[in-house]
Amino acid sequence: MKPNINYANLAESYLFSAVAKKAADYAAANPDKKVLKLSIGDVTLPLAPAVIAAMHEAVEEMGKKETFKGYGPEQGYPFLRESIKGYYARRGVTLNADEIFVSDGSKSDCGNILDIFAKENTVLVPDPVYPVYVDTNVMAGRKIVYAAATEENGFLPMPDENTNADIIYICSPNNPTGAAYTKEQLGKWVEYALRKNAVILYDAAYECFAEEGVARSIYEVEGAKKCAIELCSFSKTAGFTGTRCGYTVVPETLVYEGMSLRKMWLRRQTTKFNGVSYIVQKGAAAVFTEEGEKQIRENIDYYRENAKIIAACMEECGIPYTGGKNSPYIWLKCPNSKKSWEFFDDMLEKVQVVGTPGSGFGENGEGYFRLTAFGSRETTKEACARIVKWLKK
Ligand code: MLT
């Protein structure tokens, strides 16, 4: 047997595991100190009451012979796909329910979708970016080229005619920088992808944080259904990080060399995936009811307020930052030109606050640091108070 030697090209551990381990080691060595985590983008508010009620009902159904469910459709129950379709329709995007695939989250889909692409494709990834895009392609041995997201371009790289790519990743609102493309800017990417016969993998996991003037779906752009797959999640929208549910949209119009990507993805999912549990899908569908939408909106507003608190803390300390507006992440420049991991260690040591080093998201993230607004209000305020006390000039 020959192992997949591409794994030798990966960093020793996944970014968020490495951060969690460092924080846990520190906490174990310093039991008298309270460590506050603003690192991984994990939610802290409980599921909305409408979601819980729907899941309870589904549990009851599973306990009765007449309503019990075994295997469900691999692509997701029609009731949930119809609800997702309706959600897009309310934003002016028309989809066919057959183009929507329910999954256990967009992180899995981000990696799994690569099954339908040949190894020879060149992948274009913004730098810095959510590490899953890079790591999954390194595992597959694909060539990766980078589009630098820097202060100069507002962390929003635009297509470069001289770069050739077959698979293009876009995450907007962006993780980690919080920068978000307008519809016009996305239009340039769509034009480029169509010209290059490339496919865009559009990660919309943070769309619910997008404000006025910022695109929430790539399908708002004309022509996108001919070149883009959209991945989305209930994790950040409705607090499903521990419940697990997401969806991927693969339009029927995506046809390359005579092969339909929708049909290929369906074939892949029916072969390798048995669907998301009925109970979870019932809970997910409740997110799109009037009541559910109102309740999750309140939760999102709570996180937005946390983002404002962190932003105010940065301002008080005179630390340049972006994000926090269309996104739950604050992307800050490490004070005193510190390197990302140096600042991580310093902050942990001095004030016991954990964040995510920017360099973990790519070379251009070096010297930057990410804080999440998904913490509790108490943790956010306490962490900010400690940072202000430590860094305020
Ligand atoms: C992050 O912190 O970047 C994300 O929460 C990680 C994830 O969604 O997998």
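As a reminder, the structure under discussion sits directly above these lines.
Residues numbered from 1 in each chain as written. Predicted model: local features only at pLDDT ≥ 70, side-chain atom pairs only at ≥ 80, totals over all residues. Heavy atoms only, no water.

(A) Up close: the overall build of the protein. Along the backbone of the protein there are twelve helices and 15 strands. Relative to a compact globule of 393 residues, whose C-alpha radius of gyration would be 21 Å, the protein shows 21 Å and is just as compact. With the principal axes as the frame, the protein shows a C-alpha extent of 60 × 55 × 50 Å. In the protein, which comprises 393 residues, the share counted as buried stands at 55%. The long-range share in the protein, meaning contacts at least 24 apart out of those at least 6 apart in sequence, stands at 74%. Carbon and sulfur atoms make up 52% of the accessible area of the protein, which amounts to about 17700 Å² in all. Placing the 48 positive and 50 negative side-chain charges of the protein at their respective mean positions leaves the two points 2 Å apart. (Helix = DSSP H or I, 4+ residues; strand = E, 2+ residues; numbered from the N terminus. Rg over C-alpha atoms; globule rule 2.2 N^0.38 Å. Buried < 20%, exposed > 50% of the residue type's maximum accessible area, 1.4 Å probe, protein only. Contact = heavy atoms within 4.5 Å. Areas by Shrake-Rupley, 256 points an atom, 1.4 Å probe, with all protein chains shown as cover. Lys, Arg positive; Asp, Glu negative; His and termini not counted. Charge placed at Lys NZ, Arg CZ, Asp CG, Glu CD.)

(B) Summary view of the nonpolar core. In this structure, Phe-117, Ile-168, Ile-200, Phe-234, Phe-240 and Leu-371 are the most contacted members of the largest nonpolar core, which totals 120 residues. No other element matches the eight residues that helix α10 (residues 290–317) contributes to this core. Apart from residues no more than four positions distant in its own chain, Phe-240 is found in contact with Leu-47, Val-51, Phe-234, Ser-235, Cys-245, Val-280, Gly-283, Ala-284 and Val-287. By size, the runner-up hydrophobic cluster in this structure holds ten residues, among which are Val-43, Leu-45, Tyr-206 and Phe-209. (Core = buried A, V, L, I, M, F, W, Y, C linked by side-chain atoms within 4.5 Å.)

(C) Inspection of the sheet that holds strand β15 (residues 368–372) at higher detail. Overall, antiparallel pairing links the four strands, which are arranged β11-β12-β15-β14 in an open sheet. Either end of the sheet is taken by a strand with one partner, and the two such strands are β11 (321–323) and β14 (356–357). Alignment of β14 against β15, held across two bridges, turns out to be antiparallel. Directly across from Pro-357, in β15, lies its bridge partner Phe-369. Taken strand by strand, helix α11 (residues 340–351) contacts β12 (329–333), β14 and β15, and its axis lies near 50 degrees from that of β15. (Pairing = 2+ DSSP bridges. Axes fitted to C-alpha atoms, helices over the stretch in contact; angles between N-to-C directions.)

(D) Quick look at the sheet that holds strand β2 (residues 100–103). The strand order β2-β8-β7-β6-β5-β3-β4 describes an open sheet built from seven strands, whose pairing is mixed. Across the chains shown, the open sheet's two edge strands, defined by having one partner strand only, are β2 and β4 (143–148). On average, each strand axis in the sheet is tilted by 20 degrees relative to the strand beside it, whichever way the strands run. Judged from the two bridges that link them, strand β3 (residues 122–127) and strand β5 (residues 167–171) form a sheet pairing that is parallel. Of the residues in β5, the one forming a bridge with Leu-124 is Ile-168.

(E) Structural context of the side chain of Arg-370. Of note, Arg-370 is situated in strand β15. Although buried, Arg-370 forms no salt bridge, and the nearest oppositely charged side chain, Asp-42, lies 10 Å from it. Here Ser-39 takes part through its backbone oxygen, which lies 2.9 Å from a polar atom of the side chain of Arg-370. Among the polar contacts listed, one links the side chain of Arg-370 to the side chain of Asn-175, at a separation of 2.6 Å. (Salt bridge = Lys/Arg side-chain N within 4 Å of Asp/Glu carboxyl O. Polar contact = N/O pair within 3.5 Å; in protein donor to acceptor, adjacent residues only side chain to side chain.)

(F) Quick peek at the pairing of strand β7 (residues 228–233). In terms of residue burial, β7 counts as a mostly covered element, since six of its six residues are buried. In β7, alternate side chains face the same way, and those of Ala-228, Glu-230 and Cys-232 on one face and Ile-229, Leu-231 and Ser-233 on the other are all buried. As defined by bridge partners, strand β6 (residues 199–203) adjoins β7 across four bridges and the pair is classed as parallel. In the strand pairing of β7, Asp-203 is matched with Leu-231.

(G) The arrangement of the packing of aromatic side chains in detail. Scanning the model with the defined rule gives 26 aromatic pairs in all. Taking the centre distance of 5.0 Å and the plane angle of 45 degrees together, the rings of Tyr-87 and Phe-288 count as tilted. On the criterion of sequence distance, the pair formed by Tyr-87 in helix α3 (residues 78–89) and Phe-288 in the loop between α9 (278–286) and α10 is long-range, its members being 201 residues apart. What makes Tyr-87 buried here is its relative accessible area of 11%. Relative accessible area serves as the criterion here: at 12%, Phe-288 is assigned to the buried category. Relative to Tyr-192, the ring of Trp-189 has its centre 5.7 Å away and its plane inclined at 90 degrees; by these criteria the two rings are edge-to-face. Here Trp-189 and its partner Tyr-192 are both found in helix α6 (residues 183–196), three residues apart, which amounts to about one turn of the helix. When sorted by exposure, Trp-189 lands in the same class as Tyr-192, which is buried. We note Lys-69 situated over the ring of Tyr-278; from NZ or CZ to the ring centre the distance is 4.6 Å. (Phe/Tyr/Trp six-rings, centres within 6.5 Å; stacked < 30°, edge-to-face > 60°. Lys NZ or Arg CZ within 6 Å of the ring centre and 35° of its normal.)

(H) Summary view of the site of the ligand. Neighbouring residues of the ligand: Phe-16, Ile-40, Gly-41, Lys-107, Tyr-130, Asn-175, Tyr-206, Lys-236, Tyr-329 and Arg-370. Take Tyr-130: an N or O atom from its side chain is 2.5 Å from an oxygen atom of the ligand. Here the ligand has 270 Å² of accessible area as a free molecule, and 86% of this is covered by the chains. Here the shell around the ligand is composed, by residue class, of five nonpolar, two polar and three charged. (Near = heavy atom within 4 Å. Nonpolar A, V, L, I, M, F, W, Y, C, P; charged D, E, K, R; others polar.)

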